[in-house]
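A look at the structure
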Amino acid sequence: KEIISSSNTNQEITEGISVFNYHFVVDANEMKSCAQSICLLEEKFDSQIKYLKDNGYYSVSMRDLELFIDGKIQLPKKSVSITIDDGWYVQRSISILEKYQILGTLFLIGNLASPSDYNSDYLEIHSHTWDMHGLKTGDDCPNSSFRGGITCLDENTVLADLRMSRESLNNTTYFCYPFYDYNTRAIKLVKQAGFKLAFTTQGGRVKKGASKYELPRVRISGNTSL
């Protein structure tokens, strides 16, 4: 009902947490055919995760982040969140997270693969919808410039998809909007489906009291320097 105390540490604490947003971690051969800006060489991902490890950063879980937003816990000044979207080219990411013992979060497109394909002690798996990540145009989304179906498909279809995704992931309550597309209607449906946090790529850090359905992330591209 109320927070009695959140003073769980004597260390220097953070006022905000950067949530890094990754996608495809590829080798040199795959990079030749990966024309998207979200493709990142594994050497770069390795160097970024190594930097966090070498400099004593704590990679938070989604539960940590939720409790932090609610003001129920404090987190160390050097706290970050590592998130990976979609589900393609993830195995190299997992190997590097395991190598440095840094926790990451995969937002998985449900119909892409089974969560068991990504088993790791250093990877949480949460929802990126079941099947609303494909481009939605024409009859699906008339008069709409949005790409993610969550903004324009009929409400029953959206809710059925979100519930299927949750059920496939042990009823997760953490979500990432497909293509970063969302509106007030999408927020309403995400809440109705039972999610407690939802991520965008708006700039900034996650702070206490943040809007839980419009959480910011820092997008990492193939050209992002260390």
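Residues numbered from 1 in each chain as written. Predicted model: local features only at pLDDT ≥ 70, side-chain atom pairs only at ≥ 80, totals over all residues. Heavy atoms only, no water.

**Thoughts on the overall build of the chain**
- When you go through the chain residue by residue, the secondary structure sums to six helices and ten strands.
- On C-alpha atoms alone, the chain measures out to a radius of gyration of 18 Å, which is about the 17 Å that the 2.2 N^0.38 rule sets for 226 residues.
- Across the 226 residues in the chain, those meeting the buried criterion constitute 50%.
- Accessible surface for the chain amounts to roughly 11,100 Å². Of this, 46% is attributable to carbon and sulfur atoms.
- In the chain, the 25 positive side-chain charges and the 27 negative ones have mean positions that sit 6 Å from each other. (Helix = DSSP H or I, 4+ residues; strand = E, 2+ residues; numbered from the N terminus. Rg over C-alpha atoms; globule rule 2.2 N^0.38 Å. Buried < 20%, exposed > 50% of the residue type's maximum accessible area, 1.4 Å probe, protein only. Areas by Shrake-Rupley, 256 points an atom, 1.4 Å probe, with all protein chains shown as cover. Lys, Arg positive; Asp, Glu negative; His and termini not counted. Charge placed at Lys NZ, Arg CZ, Asp CG, Glu CD.)

**Let's talk about the packing of helix α5 (residues 155-168) against helix α6 (residues 184-192)**
- The interhelical angle for the contact between α5 and α6, taken along N-to-C directions, is 45°, at an axis separation of 10 Å. Taken together, the axis directions place α5 and α6 in an arrangement best described as oblique. Crossing of α5 against α6: the hand is right-handed. On α6, the residues touching Glu155, Val158, Leu159, Leu162 and Arg163 of α5 are Arg185, Lys188, Leu189, Val190 and Gln192.
- When grouped by side-chain class, the residues that make up the contact of α5 with α6 number five nonpolar, one polar and four charged. (Axes fitted to C-alpha atoms, helices over the stretch in contact; angles between N-to-C directions. Parallel < 35°, antiparallel > 145°, perpendicular 65-115°, else oblique. Left-handed = near helix turned anticlockwise from the far one by under 90°. Contact = heavy atoms within 4.5 Å. Nonpolar A, V, L, I, M, F, W, Y, C, P; charged D, E, K, R; others polar.)

**Regarding unusual backbone geometry**
- At Gln101, a residue that is not glycine, the phi angle is positive and equals roughly 55°.
- Within the element layout of this structure, Gln101 appears in the loop between α4 (91-100) and β6 (104-108).
- On the basis of relative accessible area, Gln101 is assigned to the partly exposed category, the value being 48%.
- One non-glycine residue, Phe179, lies in the positive phi region at around 60°.

Keep in mind that these numbers describe shape and distance, not what the molecule does.
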